[in-house]
Amino acid sequence: RINVRIQMASKFFLLALLALSASHALASDPGQLQDFCVADKTSQVFVNGFACKDPKTAVVEDFYFSGLHMAGNTSNKQGSIVTAVNVAQIAGLNTLGVSLARVDYAPYGQNPPHLHPRATEILTVLEGSLYVGFVTSNPENKLFSKVLNKGDVFVFPQGLIHFQFNIENNEAIAIAALSSKNPGVITIANAVFGSKQTISDDILAKAFQVDKNIVDHIQAQF
C-alpha cells in the first residue's frame, strides 16, 4: 500500500509540473522553433502574430531600428508621446516576446491611465522625475505608486491599469521594455468615452455615478 501511495504521489507531482510548464508556455508570446522568424507582413496567412518569411531572405535591416535618440512631439492634450519599437517597426522581433518604447513627457505631462493586455512593462527614467503607479484588480483596487528619479526602475504587471505623470516643470524621458513583440495598449478614457460606437450614456452615468450631461460632455472630448 505504501508503494502504491508513493506511485500515486509521484504521478500527481508529475502532473502538477506538467500543468505548471503548460501555464508558463501559454503566458507569453509563442516561442520560436528556429533562430528567428522575421515577420512576413505581406503574407495572407492568418496566424497568431505574423507568418515567417524564408530565413534565407532575411537582411540586417529586419533586426534594426533607428530613432530613439530623437525626442517625440509632446504638444498634445496629455503632454506625452510614446515612440514604440515593436514588431511593427522591427520585423525580426516576431516570436521573440520583447519590445521597447521611448516615452517623452512635457512639463507636467502624463501618460494617462492605460494597460497592456499582452505584456508586463519595466520602465526606466532617463531624465526628470515621474510619479508612477498601478492599480490591482477587483475587489482590492489597491494603488501602488512612487516618485521615480533619474536611473530609477519600476514594474507594471501585465494587464493592470497604470500611469506616469511628470511632476516637474522640465521635460522628462523614460524607456520602457515590454514582454511581448506586440504588447497592445488600451487607454482607459479613450476606450470608455471614445469607443466606436459610443457606449450608452445611461450605462456610463450609472457606472460612474454621475449625471448623463457630464458623460455627454466627456464623450464630446473624444
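Residues numbered from 1 in each chain as written. Predicted model: local features only at pLDDT ≥ 70, side-chain atom pairs only at ≥ 80, totals over all residues. Heavy atoms only, no water.

A. Spotlight on unusual backbone geometry. Put simply, Asn-138 and Pro-139 share a cis peptide bond, and its omega is 5°. Following the sequence through the fold, Pro-139 ends up in the loop between strand 5 (130–135) and strand 6 (143–148). Across the junction of Lys-196 and Gln-197, the peptide omega takes the value 0°, indicating a cis bond. If you trace the backbone, Gln-197 turns up in the loop between helix 2 (188–193) and helix 3 (201–208). Residues other than glycine seldom take positive phi values, yet Thr-95 does so here, at roughly 75°. Positive phi, close to 55°, is recorded for Gln-209, a residue that is not glycine. Within the secondary structure, Gln-209 is located in the loop between helix 3 and helix 4 (212–220). (Helix = DSSP H or I, 4+ residues; strand = E, 2+ residues; numbered from the N terminus.)

B. Structural context of the sheet that holds strand 7 (residues 153–156). With respect to topology, five strands assemble into an open sheet ordered 1-2-9-4-7, the strand pairing being antiparallel. Both outer strands of the open sheet, strand 1 (80–85) and strand 7, are each paired with one neighbouring strand and no more. Sheet twist, expressed as the mean angle between neighbouring strand axes with direction ignored, is 20°. With six bridges connecting them, strand 4 (residues 121–127) and strand 9 (residues 172–178) associate as antiparallel partners. When the sheet's bridge partners are listed, Glu-127 is paired in strand 9 with Ile-173. (Pairing = 2+ DSSP bridges. Axes fitted to C-alpha atoms, helices over the stretch in contact; angles between N-to-C directions.)

C. Fine view of the nonpolar core. The biggest cluster of nonpolar side chains holds 14 residues, and the ones touching the most others in it are Tyr-105, Leu-123, Leu-130, Val-132, Leu-148, Phe-154 and Phe-156. Put simply, the parts of the chain that give this core at least two residues each are strand 2 (99–105), strand 4, strand 5, strand 7 and strand 9. Setting aside residues no more than four positions away along its own chain, Val-132 makes contact with Phe-144, Ser-145, Lys-146, Leu-148, Phe-154, Phe-156, Phe-163 and Gln-164. Formed by seven residues, the second largest nonpolar core is a distinct cluster that contains Ala-39, Val-87, Ala-91 and Leu-93. (Core = buried A, V, L, I, M, F, W, Y, C linked by side-chain atoms within 4.5 Å. Buried < 20%, exposed > 50% of the residue type's maximum accessible area, 1.4 Å probe, protein only. Contact = heavy atoms within 4.5 Å.)

D. A look at the state of the cysteines. The final tally for this structure, using the stated rule, is one disulfide. Two residues share a disulfide in this structure: Cys-37 and Cys-52, whose sulfurs sit 1.8 Å from each other. Classification of the bridge connecting Cys-37 and Cys-52 rests on its S-S torsion, roughly -95°, and on that basis the disulfide is left-handed. Within this pair, whereas Cys-37 is found in the loop between helix 1 (2–26) and strand 1, its partner Cys-52 is found in the loop between helix 1 and strand 1, the two being separated by 15 residues in sequence. Of the residues examined, Cys-37 reaches a relative accessible area of 3% and is grouped as buried. (Disulfide = S-S within 2.5 Å.)

E. Examining the side chain of Asn-86 more closely. Note that Asn-86 resides in the loop between strand 1 and strand 2. Separated by 2.9 Å, the side chain of Asn-86 and the backbone nitrogen of Ala-88 make a polar contact. Setting aside its immediate chain neighbours within four residues, Asn-86 contacts Leu-93, Ser-99, Lys-181 and Pro-183. (Polar contact = N/O pair within 3.5 Å; in protein donor to acceptor, adjacent residues only side chain to side chain.)

F. Structural context of the pairing of strand 7. The side-chain alternation of strand 7 yields one buried face, formed by Phe-154 and Phe-156, and one unburied face, formed by Val-153 and Val-155. Pairing of strand 4 with strand 7 involves four bridges; the strand directions are antiparallel. Paired with Glu-121 across the two strands is Phe-156, which belongs to strand 7.

G. Spatial organisation of the packing of aromatic side chains. One pass over the full model with this rule turns up six aromatic pairs. Pairing Phe-36 with Phe-63 gives two aromatic rings, centres 5.2 Å apart and planes at 75°, and the pair type is edge-to-face. Note that Phe-36 is positioned in the loop between helix 1 and strand 1 and Phe-63 in the loop between helix 1 and strand 1, a separation of 27 residues in sequence. Each ring, one from Tyr-131 and one from Phe-163, has its centre 5.5 Å from the other, and the planes form 50°; the classification is tilted. With Tyr-131 in strand 5 and Phe-163 in strand 8 (residues 161–166), this pair connects stretches of sequence that are 32 residues apart. The exposure class of Tyr-131 is partly exposed, given its relative accessible area of 27%. (Phe/Tyr/Trp six-rings, centres within 6.5 Å; stacked < 30°, edge-to-face > 60°.)

H. Quick look at the sheet that holds strand 8. Spatially, the five strands line up as an open sheet ordered 6-5-8-3-10, and their pairing is antiparallel. In this open sheet, the two edge strands, each paired with only one partner strand, are strand 6 and strand 10 (186–187).

I. Quick peek at the environment of His-116. Inspection of the secondary structure puts His-116 in the loop between strand 3 (110–115) and strand 4. Distance in space between the C-alpha atoms of His-116 and His-162 is 9.1 Å, their sequence separation being 46 residues. Contact partners of His-116, with chain neighbours within four places excluded, come to Glu-121, Gln-158, Gly-159, His-162, Leu-178, Pro-183, Gly-184 and Val-185. A distance of 3.0 Å separates the side chain of His-116 from the side chain of Glu-121, its partner in a polar contact. Looking at His-116, its side chain comes within polar contact range of the main-chain oxygen of Gly-184, at 2.8 Å.

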